[in-house]
Amino acid sequence: MAEINASIDFDRRLYAQDIAGSKAHAAMLAAQGIITRADAAAIAKGLDEIKAEIEAGKFKFQAALEDIHLNIESRLKELIGDAAGRLHTGRSRNDQVAVDFRLFVRDYVDQLSAGLKDLMLALAEKAEANAATLMPGFTHLQVAQPITFGHHLLAYVEMLSRDMGRFGDARARLNESPLGAAALAGTSYPIDRKATARALGFSGPTRNSLDSVSSRDFALEVLAGCSICAIHLSRLAEEIVIWSSSQFAFVKLSDKFTTGSSIMPQKRNPDAAELIRAKPGRILGAFTALAVMMKGLPMAYAKDMQEDKEQTFDALDNMALAIAAMAGMVRDMQPNRQAMRAAASSGFSTATDLADWLVQKLKMPFREAHHVTGRIVALAEKKNALLSELSLEEMRSVHGAIDASVFQVLSAEASAKSRKSLGGTAPANVAREAKRWVKKLKGK
């Protein structure tokens, strides 16, 4: 029972939040005349001393005291005597852990948001430097149309900006204080919940005492945001793995973000990217574990809810690490412009441009233009040539009205440059959008 019941091995991470909540609660009790100001001052001083002991590694955590709350309370009594016993007036461990956990998750959301902002800046700056760097755009991992490397990177900036929005939305909803809900029904003491909420940086107190102590949807929502963000990072990581392979050779990573082989001295393995690619399983698992734990619980608090922290801590730690590692890797990777340019011209990537030319110049219906283009592609494939390498006579053998101006649209550069529609890959678009993001992310 002692082993299964204790949570101090992991909830000790809540010490700073627990102490902050206790100091706010003690100050409120004194202001309301529930305890003396002398006792409140002694409590605050003792809690500060305990925090210093913990951060110096001098605090002795005891499994027999179960959790961080009782460990701190026991040590406070050793330091200041009977005044320590007055700290728990008008509250319960149920609302105490609820406020600690909210504060912890809120702090981590702020850390994740700052990390995402840095990663987005790394991507935007790299995109600005490569606004005109050609590469193939893929569908089904088959060459589709020429795009620019900067355009590709900005796609991830957009995805991560939505992740930041999800974290911001989750933060706004979790930013209510459950302190003062007590065990489940509130308290008869004349406490001021608005005062403790203000002291802890919450927008206000929660409105229902049952909900206050029994809800963990704030953690679920953040874990859901982490899961989506981890999926986005995993997709980028997978592309970096592909791009850095010898078959693609689109980018090069330095030894800072790769590892060697124990047997093959030539290897440079993209281990950082591969580990980021693996993180969604762990983070999605945390969301699933918490959701399954909560799904059948009646009101209000149940000991099951002790299982909310380990997976949440692990997921948040790994999310922060993945974001930081990806930001470093983005700044480290160098594009191989020559290889990207060659690949952008392969696979008949300008076939759509040819079809569009037939529509615009010869006024063909698009479906007919699509058919004519397919026949020209088949001819080029038979001759093992690019579309731009076919002669005018060869093209006219498919459709006699084609003239020499067709060659103006068949290069990868011309194709990318022509995509000027809003959100398109034209280098001018990309440069403008990258600059906008850099300015926004730097707060200028």
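Now for a quick tour of the structure. (Residues numbered from 1 in each chain as written. Predicted model: local features only at pLDDT ≥ 70, side-chain atom pairs only at ≥ 80, totals over all residues. Heavy atoms only, no water.)

So, the packing of aromatic side chains
Tallied over the entire structure, the rule returns eight aromatic pairs. Their ring planes at 75 degrees and their centres at 5.2 Å tell us that F248 and F250 sit as a pair that is edge-to-face. The exposure class of F248 is partly exposed, given its relative accessible area of 25%. The rings of F101, F104, Y108, F218 and F313 are connected pair by pair, giving a single aromatic cluster. Between the NZ or CZ atom of R12 and the centre of the ring of F61, over which it lies, the distance is 4.2 Å. For the cation-ring pair, R436 lies above W437, with the distance from its terminal atom to the ring centre recorded as 4.9 Å. (Phe/Tyr/Trp six-rings, centres within 6.5 Å; stacked < 30°, edge-to-face > 60°. Buried < 20%, exposed > 50% of the residue type's maximum accessible area, 1.4 Å probe, protein only. Lys NZ or Arg CZ within 6 Å of the ring centre and 35° of its normal.)

Notes on the layout of surface pockets
When its volume is computed, the largest pocket comes out at roughly 290 Å³. Lining the largest pocket are 13 residues, with H151, L154, G423, G424 and E433 positioned closest to its centre. Those elements that place two or more of their residues in the lining of the largest pocket are α7 (149-174) and α18 (427-441). Of the residues belonging to the lining of the largest pocket, the class tally is five nonpolar, four polar and four charged. As a volume, the second largest pocket reaches approximately 210 Å³. Lining the second largest pocket are 13 residues, and of these F138, L141, H152, E239 and W243 lie nearest its centre. Only β1 (134-139), α7 and α10 (217-243) provide two or more residues apiece to the lining of the second largest pocket. For the lining of the second largest pocket, the leading source of residues is α10, giving four residues. (1 Å grid on protein atoms, 1.4 Å probe; cavity = no way out; pocket = protein on both sides within 12 Å on 5 of 7 lines; lining within 4 Å. Points joined across faces, edges and corners; volume = space filled by probe spheres on them. Helix = DSSP H or I, 4+ residues; strand = E, 2+ residues; numbered from the N terminus. Nonpolar A, V, L, I, M, F, W, Y, C, P; charged D, E, K, R; others polar.)

Some details on the pattern of salt bridges
Within this structure, the stated rule accounts for 24 salt bridges. Residue D110 is joined to R171 by a salt bridge in which the shortest nitrogen-to-oxygen separation is 2.7 Å. Of the two residues, D110 sits in helix α6 (residues 93-129) while R171 sits in helix α7, which places them 61 residues apart along the sequence. Take R171: its relative accessible area is 25%, and that puts it in the partly exposed class. (Salt bridge = Lys/Arg side-chain N within 4 Å of Asp/Glu carboxyl O.)

So, the environment of Q334
Structurally, the position occupied by Q334 is in strand β4 (residues 334-335). Note on Q334: relative accessible area 46%, which makes it partly exposed. Put simply, Q334 and G165 are 169 residues apart on the chain and 29 Å apart in space, counted from C-alpha to C-alpha. If sequence neighbours within four positions are ignored, Q334 has contacts with K126, F250, V251 and K252. (Contact = heavy atoms within 4.5 Å.)

What about the packing of α10 against helix α11 (residues 271-294)?
The contact between α10 and α11 brings their axes to 8 Å, and the two run at 160 degrees. As the angle between them shows, α10 and α11 are arranged roughly antiparallel. By crossing handedness, the relation of α10 to α11 is classed as left-handed. Broken down by class, the residue content of the contact of α10 with α11 amounts to 20 nonpolar, two polar and three charged. (Axes fitted to C-alpha atoms, helices over the stretch in contact; angles between N-to-C directions. Parallel < 35°, antiparallel > 145°, perpendicular 65-115°, else oblique. Left-handed = near helix turned anticlockwise from the far one by under 90°.)

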